[in-house]
Amino acid sequence: MRSKFTWILTLFFALMMQVGFAQKQVTGVVKTQDGDPIPGATVMLVGTNLGTDTDDEGKYTLNLKKGDKIRVVFGGFKPTTLTVSDSGVLNVTLVEEDITELEGIVVDTYRTVSKPKNSNAVSTVTSKTIEGRPNASFIQTLQGQVPGLNISTGSGQPGDNNTTVILRGLGSINGNVEPLYVIDGVPMSSDRFRSLNPNDIDRIDVLKDAGATAIYGNRGANGVIVVTTKRASFDSSLEVKYVGTTGMSFLQDNQYNLMNAKQYVDFQRKFGIPNRQLTSVDPNAPTINYTNPVDGNWVDVFFRNAIAQNHTLSFSSGSKNLNNYTSIGYSDIEGVLKTTGLKRFNFRTNLNGKSDNGKLTYGTTVSANFSKSDMASSAGSNALNQNYFMGAFQGLPYLRPDMYNGTFDSAFNALRVFSNGSMPILLMDKMRTNGLKQEEFKTIVNGSLNYAIDSNWSIGTNLGADYQTINQFSFNGPSSFNSFYFAAADQEWLGSIGNIDERRLIMTSNSNIKWNKTFGKHSVNAGAYIEYLKAHFKSSSISKEGFDPNFWENGKATGWIGDSDQNDYYAPSASVGEQSAGMFSYFGLASYDYDTKYGLDVTLRRDASFRFIDENRWGTFWSVSGRWNIINEKFMEGSTVFSDLKLRASHGTAGNQDITGSGVFGSAYLYTTLYSAGRGYADEPNAYALSQLPKRDLRWEEITTTNIGLDFALFNNRLRGNVDVYRKQTDDLYQPIPLSAINGSTSIFGNFGSLRNEGVELLLAGDIVRNKDLTITLNANGSYNKNQVLNLPNGEGFTWNGSSLSGMREGGRIGEFYLYKYAGINPQNGETQYYDKNGAITENPTDEDRQWLNKSSLPVYQGSFGFDVNYKGFFAQANFTFAKDIWRFDNDYFFFTQPSSVGMSNMTNDYQDYWTTSNRDAAFSNPNANNLYHLSDSDFYLRDASYIRMRFVTVGYNFKKSDLAFMKLSGLRVYAQAENLVTWTKWKGWDAESNRGVDLSQYPTPRTVSFGVEVQF
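Residues numbered from 1 in each chain as written. Predicted model: local features only at pLDDT ≥ 70, side-chain atom pairs only at ≥ 80, totals over all residues. Heavy atoms only, no water.

Chemist: Summarise the overall build of the protein; cite the residues concerned and give the values.
Modeler: For the protein, the count of helices and strands is 10 helices and 53 strands. Relative to its length of 1017 residues, the protein is compact, with a C-alpha radius of gyration of 33 Å against a globular reference of 31 Å. With the principal axes as the frame, the protein shows a C-alpha extent of 135 × 70 × 65 Å. Looking at the protein as a whole, 52% of its 1017 residues are labelled buried. Residue pairs in contact within the protein that sit at least 24 positions apart in sequence constitute 71% of those at least 6 positions apart. Accessible surface for the protein amounts to roughly 43,800 Å². Of this, 55% is attributable to carbon and sulfur atoms. (Helix = DSSP H or I, 4+ residues; strand = E, 2+ residues; numbered from the N terminus. Rg over C-alpha atoms; globule rule 2.2 N^0.38 Å. Buried < 20%, exposed > 50% of the residue type's maximum accessible area, 1.4 Å probe, protein only. Contact = heavy atoms within 4.5 Å. Areas by Shrake-Rupley, 256 points an atom, 1.4 Å probe, with all protein chains shown as cover.)

In C-alpha cells form, the structure reads like this:
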C-alpha cells in the first residue's frame, strides 16, 4: 500500500514539475517605434482564446511556454507575431501601418465588417497620407493610392472642380462615369469638395466590385467612395491637436523650346515680317530695339510663386457615454496665376453617445464650410484677349509690359499695330479690369439613432442633409478693352456684370431593422432597409451692361446706368430656375459565416427614379459574393510562409440612372414632348418648334460586374497585398439611334448597345527591414484596363461627327483617335504626306483615309510605387505615380509650329528646321505647302502623354513623448514635403496629366514645396 501511495505521489510531483517547466509567467511592454507605450493593445496566444490587453503603461502578463506564439494587435499598427523563448521577458515593438495596407475593418454606409470577413474588392486610405497635404481637395490627395482609380486633374487652379475620377474604366458613353461620394453617411450632390477640410478625414474606403456597390443601387454603378471623418473615443481625456502647413507653389517646366526675343526677331525677318513700332500711332509710346531686343518675360507678368497656408485646430474628448470631436480650419491658397486663389473656413463637430447599458446609441455630424475663390475665365480657349495662359506662353517675346500704361488706349494701340500679336498687352488690360469670383457655403449634417432590442435584433434610422449655396460674380470694367471690343457701335456706356445664385438641398433618410445570430461556428447577419432621397435646386441670375466709369469699382456694381428709350443696351436681363429630384428604394442584405473560413453575402435592391416612367421607373439590382479564408484551414496551421490567405469572388449588377451625365437634377423630362418658342415661316413671331421628341421607353443603364480577388500576407506580414481580376459590362447605353427625318429629327436618344471594361489590379507592400530602430517598407500598386465598345446603334459599326479628332467603333476604345496617319515630307516640294486607307502615300487625303489608331486619352496602365522609412523618430515617405499608353493632341505645339503664327505669337525653336530647297531633310513642311491644313487632323501632333511623376515626398521627425514632457506636449511632428516635384515624360507641355484629349493653354498643375508641424497637447 505504501509503495502504491509512493508511486502515485511520485507521479503527481513529476507531472507538477513538467507543468512547472512547461509554463511560466512572461511579461513585456508593447511600444511604438519611438519607444512610447501602447495601452489597450491586444496580446493573444495564437491558436487559443487566451489573451489579455496591455495596461496604461503598455505592460502585459501571460502564462506561456517556450515555443508559444503570441499575436499583438492595435489599431493603426501592423499586427505582429512573436515566438516565446527561454526568457521571461518579451517586449514588442509595433510598426505603424503603411499607406497601402488595408485597415482591419471595411466601412460602407450600411455595414462595417472586419477585414477577414470581407468578401468584396475594397481599398482603404487612412489619414496618414491625407492629413497635412497641401491640396485644396482630398480627391487630389487620393491620386496614386488606390489601384484602378484614375484621377485626372484638369486644372491647377485652387478650388477648381475640373477633376475627373474614373474607377475601373469608363462605364458609360453619355451618362455619368464618376463614383458616388458618401461623406459620413450623406450622399453628395457633386464632386465639388473645395470647401471641405481634408485634415478632418479619418479614412476613405473605395468600393469597387458589385458585392460592395450593388447595395447602393442606382448610384453605385461607377463605384462608391465612402469618406469617414474623425471621431473621439469614449473614456478619453481631452486632446488638442494643431496641424499647420505653409508652402510655395511654382509653375512647372515645359519642353517646347520657345524662342527668346533675339531669336524671334531674326526668325520673323526670314518670313518678311516688317519691324513694327507703337510710335506709329502714339509718339510717346515705348519703342522696340529690333537689333538687340529685350525679352518681355510674359510668364513672369502673369504668373508668380504662390504662397499657401493651411491650419487646423481640433479638440477631442470622451466620457463614459459621450464623446466629441470638434475642429476649426482656415486655408489661404494662392494660385500660380496672379489674381487666382482660394480662401476657406471650416467648422466640424462630431458627437457620439450611448446609454448606460449600451442598447441605445446615437450620433451627429455637423460641418459648416465657407470658401471664396478668385478664378480665371476662358482657360483652354483660343480667345487671345481672354486666355491668360495663351498670352503668357504665346506672347511675342519682344513686346514688353511697359508698353501697357494701364489705359484702354495703350491696349487698343497695341492691337492696331501688332494685330493678334498684341494678346499679352490685351490680357494685361483684362487682368486690371476683369474678375470672376465665387463664394460657396456648404454644410453637411447627419444624425443617426440605433437601438438594440436584444442580443439579436436592432432597429435604426439615419437622416442626412447636404446644403450648398454658390454665388458667382463676374465683372468687366467700363474702361476695359474687352468692354469696347464687344460693345455695339452706338453704345455709349460700357462695362458689364453678371451674378448667379444657386441653392441645392439634398435630404436622405434611411431606416433599418437588423438581425444577427451565432450558432456555434455559424453566424448569420441580415438587414432590411428603406431609403428616400429628395432634392431641390433653385437658381437666379442677372446680367447688366452700361456703367459710369467715374463711379465704377472693380468687384462692385457701382455706376449703374438705367435703361433708355432709344435702345435696350442698359436693360438688365434676369432669369430664375427651379428643379426637383427624388428617389425611393428598399433593399436587403444577408451574410453567412462559418468559423471565419467561409462566407457568403447577398444583396437585393429595388430603386425608383424620377427620370423614368411606367414600367421602367423601377430597377432591380443584386449581388452575390463569397470568400474562402484559406489561412484558417487546418492544413495551413503552422505555416511559416503565409500569415494571411483569402480568396474572394463576387458577381452582380448596379444601375446608372444619370444616363445623360447631367447630375442629380438633370434630364428630368426626357419622357415628354417639348416645344420651344421662336420665329416661324417668313420670320413670323410667336411660332413654336419641336425641340424634343418623347422617349417614354428610356430605362436604366445597367452595369454587370464580376470580380475574383486574392488577399495574401507572407513571412509574418513582411510581404502583403492583393490582386483582383474583373470584368465590368454596361448594357442599355444611352445613345442616339437613327430615325427617319419625317419625324422632325434624324435621330433620337434611346437605350442601345454595350461596352466592356476588363482588367487586373495589384497591390503590394513589403518590409525590407523591420526591427526595433529601423523599418523600410516598399509599396506599389498597378492596374491594367481594357476598354471596348461592343455595340453601336447606327448599323455601320462606328460613329464620327465629321469634324472631331476622335470617334467610336465596335471593338475599339471610347474616345479613340480617328486621324490621318502622317507619312513625312515630300523632299522634292516640301508638301506634307499622309497614308491613305490602302497604305499608299498621298498629299491630298480624304475622310475615307482617316484611320483608327487604337489610342485614346485614357491610360491603359496606371499605378504608383514608393517607400516608407522610419528610423528612431526620423521618417521619409515618397510616392511616384505613373500612367502608360495615354495619348493627347498637343494643340499648343500646333500653334508654336504654324507658319501663320509668325509675327503673331511666339514659336518653338524646333520650327527653325522647316523645309527649304537647301534643307530637304527637314522636320517641318514647306511653310507655303498647300496641304498644311491636314496636319491638324493627323497624328503628327498626337503625343504620348505617358508619365512618371513624383506625386509627393515627405521627410521629418517624430519627437518622443519623453522628450516633450518639459513642454507639456503629448506629441510633436515636424516635416517638409513636396508635391508634383518632378515629372518624367515625352509630353512637351507644362503638365503631362490632364482629363482632356486635346490641350490648349490650360491652367497647369503646379509644383509645391511646404513645411508642416503637428502639435498634440
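Chemist: Give me the lowdown on helix 7 (residues 408-418), citing residues and values where you can.
Modeler: The set of residues buried in helix 7 consists of Ser410, Ala411, Asn413, Ala414, Val417 and Phe418. In a view along the axis of helix 7, the buried residues occupy a sector of 160 degrees, so they form one face of it. Along its buried surface, helix 7 packs onto helix 8 (423-433) and helix 9 (481-486). Of the residues flanking the end of helix 7, it is Ser419, one or two places downstream, whose phi is positive at about 55 degrees. (Arc of directions from axis to C-beta.)

Chemist: Explain the packing of aromatic side chains to me, and be specific about the residues and the numbers.
Modeler: One pass over the full model with this rule turns up 58 aromatic pairs. With a centroid separation of 4.9 Å and an interplanar angle of 5 degrees, the aromatic rings of Tyr529 and Phe587 are classed as stacked. Of this pair, Tyr529 sits in strand 25 (residues 522-547) while Phe587 sits in strand 26 (residues 573-594), placing them 58 residues apart in sequence. Here Tyr529 matches Phe587 in class, with each residue buried. (Phe/Tyr/Trp six-rings, centres within 6.5 Å; stacked < 30°, edge-to-face > 60°.)

Chemist: Tell me what's going on with the domain arrangement of the protein, and back it up with residues and numbers.
Modeler: Domain boundaries assigned for the protein yield domain 1 (23-96) and domain 2 (255-284 + 292-452). A C-alpha centroid distance of 53 Å is found between domain 1 and domain 2. (Domains from an automatic or database assignment.)

Chemist: I'd love a proper account of empty space enclosed by the protein, names of residues and values included.
Modeler: Tallying each qualifying case throughout the model produces 11 cavities of 30 Å³ or more. In this structure, the largest cavity spans a volume of roughly 320 Å³. Lining the largest cavity are 26 residues, and of these Pro134, Asn135, Gln140, Gly156 and Pro1006 lie nearest its centre. Per-class residue counts for the lining of the largest cavity are eight nonpolar, 13 polar and five charged. If you add up the space inside the second largest cavity, you get close to 160 Å³. Together, 19 residues line the second largest cavity, and Trp990, Asp991, Asp999, Gln1002 and Pro1004 are the ones closest to its centre. Split into classes, the residues belonging to the lining of the second largest cavity amount to six nonpolar, seven polar and six charged. (1 Å grid on protein atoms, 1.4 Å probe; cavity = no way out; pocket = protein on both sides within 12 Å on 5 of 7 lines; lining within 4 Å. Points joined across faces, edges and corners; volume = space filled by probe spheres on them. Nonpolar A, V, L, I, M, F, W, Y, C, P; charged D, E, K, R; others polar.)

Chemist: Any details on the sheet that holds strand 44 (residues 851-852)? Residues and values, ideally.
Modeler: Sheet strands pair via backbone hydrogen bonds, and the direction of the pair is either parallel or antiparallel. Strand order in the open sheet formed by four strands is 38-39-40-44, and the pairing between neighbours is antiparallel. Edge strands, defined here as strands with exactly one partner in the open sheet, are strand 38 (798-799) and strand 44. Pairing geometry for strand 40 (residues 816-819) and strand 44, over two bridges, is antiparallel. Paired with Tyr818 across the bridge in strand 44 is Trp852. (Pairing = 2+ DSSP bridges.)

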